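# Fold and geometry: a report
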Amino acid sequence: SEYDQTLAEAKRSNRMVESLELFRSVCNNRAFMNTSILLFLNKKDLFAEKILSSDIAAQLPFSDYAGPTQDFDQGVFYFMQKFKDCLIDDEVNDAFIHVTCATDTNNMAFVLDSTSTIIKNENLKRSGFLG
C-alpha cells in the first residue's frame, strides 16, 4: 500500500521501490539459492482504500502501469508481477505469493496454513519423498 509514499529517512526514495530492491537483493543472494521464497503483500485493506484515490500510474516509478485506475485486482497483479520480475529464477509459483491483511484472523489462518503446507511439500521434494 506504500506505492505512493516515500521513506521517512530518505524523502526522495519511494517505499515500494525500496521494497522491490530489497526483495531482489535478498532473493538473488547466493545464500538463498536453494531456498523457497514466500512473499507476503500485507495491508491489502489499506491498498484497497488507497487505490480509490491514488492512481498507480501517476507515481513516476510505476508509470508503466496500464491497468484501469481504482482496480484492486489489477493493481495487486501489477505489483505481484513487479516482485516476480525481481527474481532470476522465473519458475515462481503464485502459491508462494500471499496478499494479506494481518488483522483479518481468518485470512491469516488460511495464509499460515497454506504456507506451512508449501514448506512441508518443498522439504519432502528436496528429500526425495515427493516427485
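Residues numbered from 1 in each chain as written. Predicted model: local features only at pLDDT ≥ 70, side-chain atom pairs only at ≥ 80, totals over all residues. Heavy atoms only, no water.

## Comments concerning the layout of surface pockets
- Considering only enclosed or pocket space, the second largest pocket measures out at about 380 Å³ in volume.
- In this structure, the second largest pocket is lined by 18 residues; those nearest its centre are Ser1, Met16, Phe40, Leu41 and Asn42.
- Put simply, the parts of the chain that give the lining of the second largest pocket at least two residues each are α1 (15-27), β1 (39-41), α2 (44-50) and α3 (72-84).
- Residues belonging to the lining of the second largest pocket are distributed by class as follows: 11 nonpolar, three polar and four charged. (1 Å grid on protein atoms, 1.4 Å probe; cavity = no way out; pocket = protein on both sides within 12 Å on 5 of 7 lines; lining within 4 Å. Points joined across faces, edges and corners; volume = space filled by probe spheres on them. Helix = DSSP H or I, 4+ residues; strand = E, 2+ residues; numbered from the N terminus. Nonpolar A, V, L, I, M, F, W, Y, C, P; charged D, E, K, R; others polar.)

## A word on a nonpolar patch on the surface
- The grouping of Leu22, Val26 and Phe32 at the surface amounts to a nonpolar patch, some 260 Å² of accessible area in total.
- In this fold, Phe32 is placed in the loop between α1 and β1. (Patch = residues over 30% accessible without salt bridge, like charges linked within 9 Å, V, L, I, M, F, W, Y side chains within 5 Å. Areas by Shrake-Rupley, 256 points an atom, 1.4 Å probe, with all protein chains shown as cover. Salt bridge = Lys/Arg side-chain N within 4 Å of Asp/Glu carboxyl O.)

## Here we look at unusual backbone geometry
- A positive phi angle is found at Lys43, which is not glycine, with a value near 70 degrees.
- Take Lys43: it is sitting in the loop between β1 and α2.
- Positive phi is not limited to glycine here, since Gln70 has a value of about 60 degrees.
- Within the fold, Gln70 resides in the loop between α2 and α3.

## Topic: the packing of aromatic side chains
- Throughout the structure, instances matching the rule amount to nine aromatic pairs.
- Ring plane angle 85 degrees and centroid distance 6.2 Å describe the contact between Phe47 and Phe79, whose orientation is recorded as edge-to-face. Within this pair, whereas Phe47 is found in helix α2, its partner Phe79 is found in helix α3, the two being separated by 32 residues in sequence. You'll find Phe47 and Phe79 in the same group, each marked buried.
- Seen in terms of ring centroids, Tyr78 and Phe79 are 5.0 Å apart; in terms of plane orientation they differ by 75 degrees. Their pairing is edge-to-face.
- When its relative accessible area of 11% is taken as the criterion, Tyr78 is described as buried.
- Taking the relative accessible area as the measure of exposure, Phe79 reaches 4% and is therefore buried.
- The structure contains a cluster of three or more aromatic residues connected by ring pairs, namely Tyr3, Phe47, Phe62, Tyr65, Phe72, Tyr78 and Phe79. (Phe/Tyr/Trp six-rings, centres within 6.5 Å; stacked < 30°, edge-to-face > 60°. Buried < 20%, exposed > 50% of the residue type's maximum accessible area, 1.4 Å probe, protein only.)

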